[in-house]
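# Observations on the three-dimensional arrangement
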Amino acid sequence: MKNLSFRADVLPLKDKLFRLALRITLNHAEAEDVVQETMIKVWNRRDEWQKIDSIEAFCLTICRNLAVDKTRKHGNQNLTLDTTDHEAIDLSSASNPEEQAMQRDRIQLVRRLINSLPEKQRSVMQLRDIEGKSYKDIAAILGISEEQVKINIFRARQTIKQRYIETEKYGL
């Protein structure tokens, strides 16, 4: 087995862990707490690292479980994700201020729609569409089958598409 190092193999994952935790908890401070707890748990289980196939999947699984537990404990299902805190919107492709405003509104609408999805669908979308993980990796992280991953992604995308079309058709 390969020799893993906390500094070289685990610490670089903190941004991915934070994005996953933020997508689940929908709270900046709680996501930071989840990442810190994840790092502590991973460090405390360093004796098991040699038995692990993928340290990234191991860390993401711990992070997801902690975030879900924290969300259930605090009942944060009705919160929304504040987009201005964690990422900037690239509007460079829009040619005028009106198009930029319309594009910004569409992006915010899609984010609101993603936030309204059930936790498992939000998680698979985060891991697949934002993090670029494979179905196999997502299945390992979430502890579900690859078929369930595909079903959740399909349902999430269909729900977002349907709600987006309804909103665009009838307005906000």
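Structure: see above.
Residues numbered from 1 in each chain as written. Predicted model: local features only at pLDDT ≥ 70, side-chain atom pairs only at ≥ 80, totals over all residues. Heavy atoms only, no water.

### Remarks on helix α3 (residues 28-44)
What counts, and what does not: Counting from the N terminus, the helices are DSSP H or I runs at least four residues long and the strands are E runs at least two residues long. A helix's residues, less one, multiplied by 1.5 Å, set its expected span. Only protein chains enter the calculation, and the probe is 1.4 Å; a residue is then buried if its accessible area is under 20% of its type maximum, exposed if over 50%, and partly exposed in between. Should any heavy atoms of two residues lie within 4.5 Å, those residues are counted as being in contact. Definition of a polar contact: a pair of N or O atoms within 3.5 Å, with one able to donate and the other able to accept a hydrogen when the atoms are protein atoms, and with sequence-neighbouring residues admitted only if both atoms are side-chain atoms.
When the terminal C-alpha atoms of α3 are compared, their 25 Å separation across 17 residues agrees well with the 24 Å that a helix rising 1.5 Å per residue should span. Those residues of α3 not exposed but buried are E30, A31, V34, V35, T38, M39 and V42. Buried residues belonging to α3 abut α1 (6-10), α2 (14-25) and α4 (55-74). Put simply, N27 is the residue that caps the front of α3, since its side-chain oxygen is 3.0 Å from the backbone nitrogen of A29.

### Here's the deal with the packing of α2 against α3
Geometry of a packed helix pair, given as the angle between the helix axes and the separation of the axes. Note the cut-off: Comment: axis = line fitted to C-alpha atoms, over the contacting stretch for helices; angle = value between 0 and 180 degrees taken between N-to-C directions. To sort the angles, those under 35 degrees are grouped as roughly parallel, those over 145 as roughly antiparallel, those from 65 to 115 as roughly perpendicular, and the leftovers as oblique. Crossings are sorted by hand: turned counterclockwise from the far helix by less than a right angle, the near helix makes the crossing left-handed, and turned clockwise it makes it right-handed. Three classes are used: nonpolar for Ala, Val, Leu, Ile, Met, Phe, Trp, Tyr, Cys and Pro, charged for Asp, Glu, Lys and Arg, and polar for all others, with Gly counted as polar.
Running from amino to carboxyl end, α2 crosses α3 at an angle of 130°, the nearest separation of the two axes being 8 Å. In terms of orientation, α2 lies oblique with respect to α3. Two packed elements cross with a definite hand, and for α2 against α3 that hand is right-handed. Contact residues: α2 offers K14, L17, F18, A21, L22 and T25, while α3 offers H28, E30, A31, E32, V34, V35, T38 and M39. When grouped by side-chain class, the residues that make up the contact of α2 with α3 number eight nonpolar, three polar and three charged.

### Side note on the environment of T71
Locating T71 in the fold gives a position in helix α4. Residue T71 is classed as buried on the basis of its relative accessible area of 2%. Residues T71 and A21, spaced 50 residues apart in sequence, show a C-alpha to C-alpha distance of 9.9 Å.

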